[in-house]
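Here's the letter readout for the chains.
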Amino acid sequence: MGIFSRLAQLIKSNINDLISKSEDPEKMLNQIVLDMNNQLVEAKKQVAASIADEKRLAKQCEQEMAQAAEWERKAMMALRAGNEELAREALARKKEHDQLSATFKDQWTKQKTSVDQLKRALRMLNDKIEEAKRKKNVLIARKKRAEAQKAIQETMHGLRDQSAFETFDRMEGKIDQIEAEAEAAGEIQEEYTGDSLATRFQQLERTAGADDDLVALKRKMGMLPALEEGAPAQAAEVPTRVSAPAEAAEASGPPSSRAEQDELAAALEELEAEQSQDQQRKAGR
């Protein structure tokens, strides 16, 4: 194979490939249907012309038959007048019109058969075009559905990409770090301002109050021995607000005297007064 033949084949293959890639099924189908409609219009024009020829031949046949009948009437009139020579000429003219009438009739019969065939072909062509239109709509719907499915699959493939999940994990780690820093800053703020100490005392008071209620309920139910008669009420009842020094004193044993209890209560009141003043100073800032 020569170089020019190979070059021509290469050019043809590239052109065909470009044409194949540039073909849009929807546009191609619309163009095909448009061409078929144009062909249908031309076919209708041809059939209409054939029908017009058929009518013209039928009319000419009728005219020749009428002329033949007229010459026959004239021949009869000549015979009544006793002019046989004129009657022969009229009959000869009648014969000519009969021959023309027969010719036109034969042509009209053939034309009518052709017109009937053209009409059937036109109906078939029209049916095929309608079927092509319906098929075109189905194919276009299938094309759009396939494109939608392809787009969904491409989107799902993009979601399955590991880089996307790695990005989510990285962002989650950053958010966790921000939350941890915010929590640490809050703890440092509470520790620095003294709010943490007040919070611990409040928690201790709530716990001590719950313990006192539990002890009283157990005594009421008989699960603990009842208090001895004449025992001081302060020994039976535990104050609702208990501090860490009071818990330490209870752990080491009950106070030996009423004076020690008073000292412990005074220390608690002094501590609470200092905390209240500290909170007022902070509020004044």
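Predicted model only: the values in this text are computed from it and were never measured.

1. Here's the deal with the overall build of the protein chain
Okay, so step 1: Along the protein chain, the regular secondary structure elements total eight helices and zero strands.
Okay, so step 2: Scanning the protein chain from its N terminus toward the C terminus, one meets helices and strands in the order α-α-α-α-α-α-α-α.
Okay, so step 3: When burial is assessed residue by residue, the protein chain has 13% of its 285 residues classed as buried.
Okay, so step 4: Within the protein chain, residue pairs in contact and separated by at least 24 positions form 75% of the contacts whose partners lie at least 6 positions apart.

2. A word on the pattern of salt bridges
Okay, so step 1: This model, assessed by the stated rule, comprises 10 salt bridges.
Okay, so step 2: Linking Asp 53 and Arg 56 is a salt bridge whose minimum nitrogen-to-oxygen distance equals 3.7 Å. Taken together, the residues span about one helical turn, with Asp 53 and Arg 56 both in helix α2 (residues 25-80) at a distance of three residues.
Okay, so step 3: On the basis of relative accessible area, Asp 53 is assigned to the partly exposed category, the value being 31%.
Okay, so step 4: Members of the salt-bridge network, linked through shared partners, are Glu 84, Glu 85 and Arg 88.

3. Regarding a negative patch on the surface
Okay, so step 1: Where like charges cluster on the molecular surface, the negative patch consists of Glu 166, Asp 169, Glu 172, Asp 176, Glu 179, Glu 183 and Glu 187.
Okay, so step 2: The topology assignment puts Glu 179 in helix α4 (residues 162-193).

4. Side note on a positive patch on the surface
Okay, so step 1: Residues Lys 55, Lys 119, Arg 120 and Arg 123 make up a contiguous surface patch of positive charge.
Okay, so step 2: Looking at the positive patch element by element, the count peaks at three residues for helix α3 (residues 84-159).
Okay, so step 3: Within the secondary structure, Lys 119 is located in helix α3.

Criteria and cut-off values
Residues numbered from 1 in each chain as written. Predicted model: local features only at pLDDT ≥ 70, side-chain atom pairs only at ≥ 80, totals over all residues. Heavy atoms only, no water. Helix = DSSP H or I, 4+ residues; strand = E, 2+ residues; numbered from the N terminus. Buried < 20%, exposed > 50% of the residue type's maximum accessible area, 1.4 Å probe, protein only. Contact = heavy atoms within 4.5 Å. Salt bridge = Lys/Arg side-chain N within 4 Å of Asp/Glu carboxyl O. Patch = residues over 30% accessible without salt bridge, like charges linked within 9 Å, V, L, I, M, F, W, Y side chains within 5 Å. Areas by Shrake-Rupley, 256 points an atom, 1.4 Å probe, with all protein chains shown as cover. Lys, Arg positive; Asp, Glu negative; His and termini not counted. Charge placed at Lys NZ, Arg CZ, Asp CG, Glu CD.

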